[in-house]
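# Summary of the model geometry
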Amino acid sequence: MSQENEKRSAAIEAVKLIRSGMTIGLGSGSTAAYMIQELGKKIANGLKIRGVTSSKNTEKLAIEARIPLIALHEAKIVDINIDGADEFDPYMQLIKGGGGALLREKIVAYNSKCNVVIADSTKEVPRLGKFKLPIETIPFATGNIIDLLAKERLKPQLRKAGNDLYITDENNYIVDLDILGFTNLAQLEERLLKIPGIVETGLFLETTHKIIVGHGSSTKTIDR
Ligand SMILES: O=C[C@H](O)[C@H](O)[C@H](O)COP(=O)(O)O
């Protein structure tokens, strides 16, 4: 329960950054869901914003919260993108994609002026990698990608949803990798993105400007 309180506190703190007229990137996951709820309350009280969603699930929540939505291309550039993370380290590097939304999330982050991450205190780690790194792969290539990455000591696991394979919003697969033994994350990212069929990785190494972490009943803010 306290983890949920921390998520909610971080989300509420992040929403304080939002002003009328802004275009907001709406992240995915349980922490982002608190932010969407909070934005919905502010909109009911007169806040005028537009949202760009990062997943089908977020789109559904945003519609329920009555947040006016526009397509990414209509927005061109997002003013503030608020999203969760599965892990963050002291260099503001992230692992994302625990919920499978990493591809659209990375696209929204790339097209945003300011990226704010909201998280509970369990997400803060000295070094990324306890959480398995999700990568999004094209189904046609996935078997060969798994064979290759197994040889590169990344212990690839094809993600399942119950008895079925997990399918992303872009109709791809997710493969989870064990990156604990890898210290040069930029090099790892470059290596992975060179393999045809890997569409994107859940490593967000340079995009984050601000992290708001729930700590007990308060929050801590880390700025770049
Ligand atoms: O694919 C999911 C996203 O990257 C989420 O932002 C991430 O998994 C964190 O989710 P949560 O806030 O539920 O821990």
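All figures in this text were calculated on a predicted structure; none of them were measured in a lab.

A few words now on the site of the ligand. Taken together, 18 residues form the shell around the ligand, and within it Gly29, Thr31, Gly84, Gly98 and Gly99 come nearest. For the shell around the ligand, the secondary structure elements donating two or more residues are helix H2 (30-44) and helix H5 (102-110). For the shell around the ligand, the element with the most residues is H2, which contributes three residues. Looking at side-chain class alone, the shell around the ligand contains four nonpolar, ten polar and four charged residues.

Another aspect to go through is unusual backbone geometry. In this structure, Met92 takes a positive phi of about 65° despite not being glycine. Looking at the secondary structure, you find Met92 in the loop between strand E4 (87-88) and strand E5 (94-95). Phi is positive for Lys155, close to 45°, though the residue is something other than glycine. Here Lys155 lies in the loop between helix H6 (139-151) and strand E8 (157-158). Assessed through the 14 C-beta atoms surrounding it within 10 Å, Lys155 is described here as partly exposed.

Note that predicted coordinates carrying low pLDDT should not be read in detail. Residues with a pLDDT of 70 or more make up 100% of the chain, whose mean pLDDT is 97. Reported for the predicted complex are a pTM of 0.97 and an ipTM of 0.99.

Counting through the fold element by element, Gln37 comes out in helix H2. Between the C-alpha atom of Gln37 and that of Gly129, which follows or precedes it by 92 residues, the distance is 30 Å.

Take the domain arrangement of the chain next. Segmentation of the chain into domains returns domain 1 (2-123 + 205-215) and domain 2 (133-201). In this structure, domain 1 and domain 2 have C-alpha centres spaced 24 Å apart. Facing 13 residues of domain 1, the contacting portion of domain 2 comprises 13 residues. With four residues, the top contributor of residues to the side of domain 1 that touches domain 2 is H5. Here the side of domain 1 that touches domain 2 is composed, by residue class, of five nonpolar, five polar and three charged.

The rules behind the values
- Starting afresh in each chain, residues are numbered from 1 along the sequence in its written order.
- Residue-level local features of this predicted model are given only where pLDDT is at least 70; pairs of side-chain atoms are given and counted only at 80 or more, and the full residue set underlies all totals for whole chains, interfaces and linings.
- For each residue, a C-beta atom is positioned from the backbone; the residue is called near a molecule or strand if that atom sits within 6 Å of it.
- Numbering of helices and strands runs from the N terminus; a helix is a DSSP stretch of H or I covering at least four residues, while a strand is a stretch of E covering at least two.
- For this classification, Asp, Glu, Lys and Arg are treated as charged, while Ala, Val, Leu, Ile, Met, Phe, Trp, Tyr, Cys and Pro are nonpolar and the rest, including Gly, are polar.
- Three exposure classes are used, all based on how many other C-beta atoms lie within 10 Å of a residue's own C-beta (placed from the backbone): buried at 20 or more, exposed at 12 or fewer, and partly exposed between those limits.
- Confidence scores here are pLDDT values: one per residue, from the predictor, ranging 0 to 100.
- An automatic or database domain assignment supplies the residue ranges for each domain.
- Residues are treated as contacting if the C-beta atoms built from their backbones sit within 7 Å of each other.

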